[in-house]
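Descriptive structure summary
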Amino acid sequence: DAGVTQTPRHEVAEKGQTIILKCEPVSGHNDLFWYRQTKIQGLELLSYFRSKSLMEDGGAFKDRFKAEMLNSSFSTLKIQPTEPKDSAVYLCASSYGTGENTLYFGAGTRLSVL
Amino acid sequence: QQKVQQSPESLIVPEGAMTSLNCTFSDSASQYFAWYRQHSGKAPKALMSIFSNGEKEEGRFTIHLNKASLHFSLHIRDSQPSDSALYLCAVSSANSGTYQRFGTGTKLQVVP
């Protein structure tokens, strides 16, 4: 079975650029999550979708971060405009949802903003 | 808002030792408790989870939950160098959104 696929694995952006990260969840999973991982803050939720509907949008990340789920097998995270403080690993995860909470993570996209 | 904290931040243990990792949470209505392991440069991977008070053992790993003290732990028996990784605890609660909130992790190094 294919796991969660994230592309690209690495991204380097100039300050002010727009970048789009991509995620393909495990087939059949209903829930999709975007997390940001840094050493200091750990994993912070950016967005949470259930059956393609946005359930949580991560509060503090609303203004420059926008996640979309175009269909049940593909999601994007747009950061616009990027800032140096956005440098982090962006993780996508999926799960079956209610009653089965185990998260399956992708390998992540490491973003560096110069 | 749910707060999830882990201790210690880092730990070095000799091969064969018992390792104990701790996680505290703030929402007493929390319902789901999990541990994930992340090897360097890799995706976090689920290790174990528990819903109700008590213990659960799977191989060398045991998870212990005490909801009254807002605490759960992971114990690794006969620690191996391959157990060296970042260990993340996660908690979810209907009061705080149903998504899992994570601690910042404990970095474990098992030395031969």
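Everything in this summary refers to the structure shown in the same document. (Residues numbered from 1 in each chain as written. Chains lettered and ligands numbered in written order. Predicted model: local features only at pLDDT ≥ 70, side-chain atom pairs only at ≥ 80, totals over all residues. Heavy atoms only, no water.)

**So, the overall build of chain A**
- Secondary structure assignment for chain A yields zero helices and eleven strands.
- Sequence-ordered secondary structure for chain A, helices as α and strands as β, is β-β-β-β-β-β-β-β-β-β-β.
- Counting only C-alpha atoms and orienting by the principal axes, one finds that chain A spans roughly 40 × 30 × 30 Å.
- Long-range contacts, defined as pairs at least 24 residues apart, comprise 54% of the intrachain contacts of chain A with a sequence gap of at least 6.
- By element, 47% of the accessible surface of chain A is carried by carbon and sulfur atoms, the whole surface being about 5,800 Å².
- Of the charged side chains in chain A, 13 are positive and 13 negative, and the gap between their average positions amounts to 4 Å. (Helix = DSSP H or I, 4+ residues; strand = E, 2+ residues; numbered from the N terminus. Contact = heavy atoms within 4.5 Å. Areas by Shrake-Rupley, 256 points an atom, 1.4 Å probe, with all protein chains shown as cover. Lys, Arg positive; Asp, Glu negative; His and termini not counted. Charge placed at Lys NZ, Arg CZ, Asp CG, Glu CD.)

**Overview of the state of the cysteines**
Residues and elements named next belong to chain B.
- Inspection of the entire model under this criterion finds two disulfides over all chains.
- The side chain of Cys23 participates in a disulfide bridge whose partner is Cys89; the two sulfur atoms lie 2.0 Å from each other. Disulfide Cys23-Cys89: torsion about the S-S bond near 65°, hence right-handed. Here Cys23 is found in strand S3 (residues 19–25), whereas its partner Cys89 is found in strand S9 (residues 85–92), with 66 residues between them in sequence.
- For Cys23, a relative accessible area of 0% puts it in the buried group. (Disulfide = S-S within 2.5 Å. Buried < 20%, exposed > 50% of the residue type's maximum accessible area, 1.4 Å probe, protein only.)

**Brief notes about the pairing of strand S7 (residues 65–71) of chain A**
All names here are of chain A.
- In this sheet, strand S8 (residues 74–79) lies alongside S7 in antiparallel orientation, the contact comprising six bridges. The residue bridging Asn71 from the neighbouring strand is Phe74, located in S8.
- Between the antiparallel neighbours S7 and S8 lie two residues. (Pairing = 2+ DSSP bridges.)

**A short note on the sheet that holds strand S1 (residues 4–7) of chain B**
Residues and elements named next belong to chain B.
- Reading across the sheet, the five strands line up as S1-S3-S8-S7-S6 and stay open at both edges, with antiparallel pairing between neighbours. The strands lining the two open edges of the sheet, one partner per strand, are S1 and strand S6 (54–58). Pairwise comparison of adjacent strand axes, ignoring direction, gives a mean angle of 15° for this sheet.
- Bridging between strand S7 (residues 61–66) and strand S8 (residues 71–76) involves six bridges; their strand directions are antiparallel. (Axes fitted to C-alpha atoms, helices over the stretch in contact; angles between N-to-C directions.)

**A short note on the nonpolar core**
- Of all hydrophobic cores here, the largest spans 22 residues; its most connected members are Phe33(B), Trp35(B), Phe72(B), Leu74(B) and Tyr87(B).
- Mapped by element, the contributors of at least two residues to this core are S3, strand S4 (32–38), strand S5 (45–50), S7, S8, S9 and strand S11 (106–111) of chain B.
- The element that contributes the greatest number of residues to this core is S9(B), accounting for four residues.
- Excluding anything up to four places from it in sequence, Tyr87(B) contacts Gln6(B), Leu21(B), Trp35(B), Tyr36(B), Arg37(B), Leu47(B), Leu74(B), Ile76(B), Gly105(B), Thr106(B) and Leu108(B).
- Counting residues in each nonpolar core, the second largest holds 21 residues, with Val4(A), Leu46(A), Phe65(A) and Met69(A) among its members. (Core = buried A, V, L, I, M, F, W, Y, C linked by side-chain atoms within 4.5 Å.)

**Some remarks on the side chain of Asp83(B)**
All names here are of chain B.
- With respect to the secondary-structure elements, Asp83 resides in the loop between S8 and S9.
- The buried category is assigned to Asp83, whose relative accessible area is 1%.
- Side-chain polar atoms of Asp83 contact the side chain of Arg60, separated by 2.8 Å.
- Excluding its chain neighbours within four sequence positions, the residues that come into contact with Asp83 are Arg37, Arg60, Phe61, Ile76, Asp78, Leu108 and Val110. (Polar contact = N/O pair within 3.5 Å; in protein donor to acceptor, adjacent residues only side chain to side chain.)

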